[in-house]
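Letter by letter, the chains look like this.
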2 protein chains.
Amino acid sequence: MMKPAQVVKALAALAQPTRLAIYRLLVTSGPEGLAAGQIAEKLKVSPANMSFHFKTLSHAGLVESTQEGRFVYYAANFAVMNGMVDYLTENCCGGHDDSCKAPTKKC
Amino acid sequence: MMKPAQVVKALAALAQPTRLAIYRLLVTSGPEGLAAGQIAEKLKVSPANMSFHFKTLSHAGLVESTQEGRFVYYAANFAVMNGMVDYLTENCCGGHDDSCKAPTKKC
DNA sequence: TCTATTGTTAAACGATTGTTAAAATAATAA
DNA sequence: TTATTATTTTAACAATCGTTTAACAATAGA
């Protein structure tokens, strides 16, 4: 189970329009990810601003980067999102209510 | 599907240690919820600070309050959390990967 | 009524955040 | 090497956030 501080960090990383858009784009892009420049162009964000937000997402563990030539590819780390969801839903309703269960399958 | 701005608001509401603790307490407490004072005592937070954080959580739709005499009971609104999770996981990996599915059941 | 209890509101303050522009770094190509 | 491309870093700034203190409702009971 994730620690509260790590969950807060992940939630904070996603709690910003540009970063949420970046993350969603990476979630739909799958494990290969996208180059920083592609994302910047698609979302109309300046390179400097992109780097700023990538750092926040990376530090939260939500995305990972791999350099390929001149390009830096970013991809979503699904495990951290799942950990976040697990943390939020754990022991939902005290676990007493059958109609109130945490998610069983995730990305 | 929730709008991005509403998702950002919900994420931001949870992206703070005190508010995350409040919310987790309410998630485990189920539909009846808890009185503001009970939460404040349990989490060792001042009443004024509690009100401040309740307002943020309420405004994000994550909790709902009902007054009973002098007491104000707060309870988690699970639908909003589920909407948030749905938004984050929608079209995961482009929907192409069978080993990569969004949660099917939630609180 | 008067008093205690429960919770909210308002103002002030320091701390953190997001954006921009400019400079710097890293990797490739000519 | 020099130039070009891709991304990061730095510094500056306004804007937002979280905590504290004090004052303010609203209800309940004597």
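Preceding this section is the structure that the text describes.
It should be emphasised that the depicted structure is a prediction, and the values quoted were computed from it without experimental measurement.

1. Some thoughts on the protein's contact with DNA strand D
- Residues in contact with DNA strand D amount to 20 residues; listed here are only the nearest, Gly37, Ser51 and Tyr74 of chain A together with Gln16 and His53 of chain B.
- Taking all atoms of DNA strand D within 4 Å of the protein, the share assigned to sugar and phosphate is 69%.
- At 3.3 Å from a phosphate oxygen of DNA strand D is found a main-chain nitrogen or oxygen belonging to Ala36 of chain A.
- A distance of 2.9 Å is found between a phosphate oxygen of DNA strand D and a backbone nitrogen or oxygen belonging to Gly37 of chain A.
- Of all the secondary structure elements, the ones that give two or more residues to the surface near DNA strand D are α3 (36–43), α4 (47–59) and β3 (71–76) of chain A together with α2 (17–29) and α4 (47–59) of chain B.
- A per-class count over the surface near DNA strand D returns 9 nonpolar, 7 polar and 4 charged.

2. Observations concerning the nonpolar core
- The biggest cluster of nonpolar side chains holds 70 residues, and the ones touching the most others in it are Leu14, Tyr23 and Leu62 of chain A together with Leu14, Tyr23 and Leu62 of chain B.
- Once you skip the residues sitting within four places of it in the chain, Tyr23 of chain A turns out to touch Leu14, Leu62, Val63, Ala76, Asn77 and Met81 of chain A together with Leu88 of chain B.

3. Quick notes on the environment of Ser58 of chain A
All names here are of chain A.
- Of note, Ser58 is situated in helix α4.
- In the structure, Ser58 is positioned 45 residues away from Ala13 in sequence and 8.9 Å away in space, judged by C-alpha atoms.
- Not counting chain neighbours up to four residues away, the residues in contact with Ser58 comprise Val63 and Tyr74.

4. With respect to the packing of aromatic side chains
- All chains considered together, the criterion is met by 2 aromatic pairs over all chains.
- Taken together, a centroid distance of 3.6 Å and an interplanar angle of 5 degrees make the contact between Phe54 of chain A and Tyr74 of chain A stacked. With Phe54 of chain A in helix α4 and Tyr74 of chain A in strand β3, this residue pair connects regions lying 20 residues apart in the sequence. Taken as a pair, Phe54 of chain A and Tyr74 of chain A share a single burial class, namely buried.
- Here the guanidinium or amino end of Arg24 of chain A rests over the ring plane of Tyr87 of chain B, the centre of that ring lying 5.7 Å away.

5. Observations concerning the side chain of Arg19 of chain A
- Following the sequence through the fold, Arg19 of chain A ends up in helix α2 (residues 17–29).
- Excluding its chain neighbours within four sequence positions, the residues that come into contact with Arg19 of chain A are Ala12, Ala13, Phe52, His53, Thr56 and Leu57 of chain A.

6. Section: the sheet that holds strand β2 (residues 63–68) of chain B
Residue and element names in this part refer to chain B.
- The strand order across the open sheet built from 3 strands is β1-β3-β2, with neighbouring strands paired in antiparallel fashion. The outermost strands of the open sheet, each flanked by one partner alone, are β1 (34–35) and β2.
- By the bridge criterion, 2 bridges tie β1 to strand β3 (residues 71–76) in an arrangement that is antiparallel. Across the sheet, residue Leu34 finds its bridge partner in β3, namely Tyr74.
- Lying over the sheet, α2 contacts β1, β2 and β3, oriented at roughly 85 degrees with respect to β3.

What counts, and at which threshold
- Residues numbered from 1 in each chain as written.
- Chains lettered and ligands numbered in written order.
- Predicted model: local features only at pLDDT ≥ 70, side-chain atom pairs only at ≥ 80, totals over all residues.
- Heavy atoms only, no water.
- Near = heavy atom within 4 Å.
- Polar contact = N/O pair within 3.5 Å; in protein donor to acceptor, adjacent residues only side chain to side chain.
- Helix = DSSP H or I, 4+ residues; strand = E, 2+ residues; numbered from the N terminus.
- Nonpolar A, V, L, I, M, F, W, Y, C, P; charged D, E, K, R; others polar.
- Core = buried A, V, L, I, M, F, W, Y, C linked by side-chain atoms within 4.5 Å.
- Buried < 20%, exposed > 50% of the residue type's maximum accessible area, 1.4 Å probe, protein only.
- Contact = heavy atoms within 4.5 Å.
- Phe/Tyr/Trp six-rings, centres within 6.5 Å; stacked < 30°, edge-to-face > 60°.
- Lys NZ or Arg CZ within 6 Å of the ring centre and 35° of its normal.
- Pairing = 2+ DSSP bridges.
- Axes fitted to C-alpha atoms, helices over the stretch in contact; angles between N-to-C directions.

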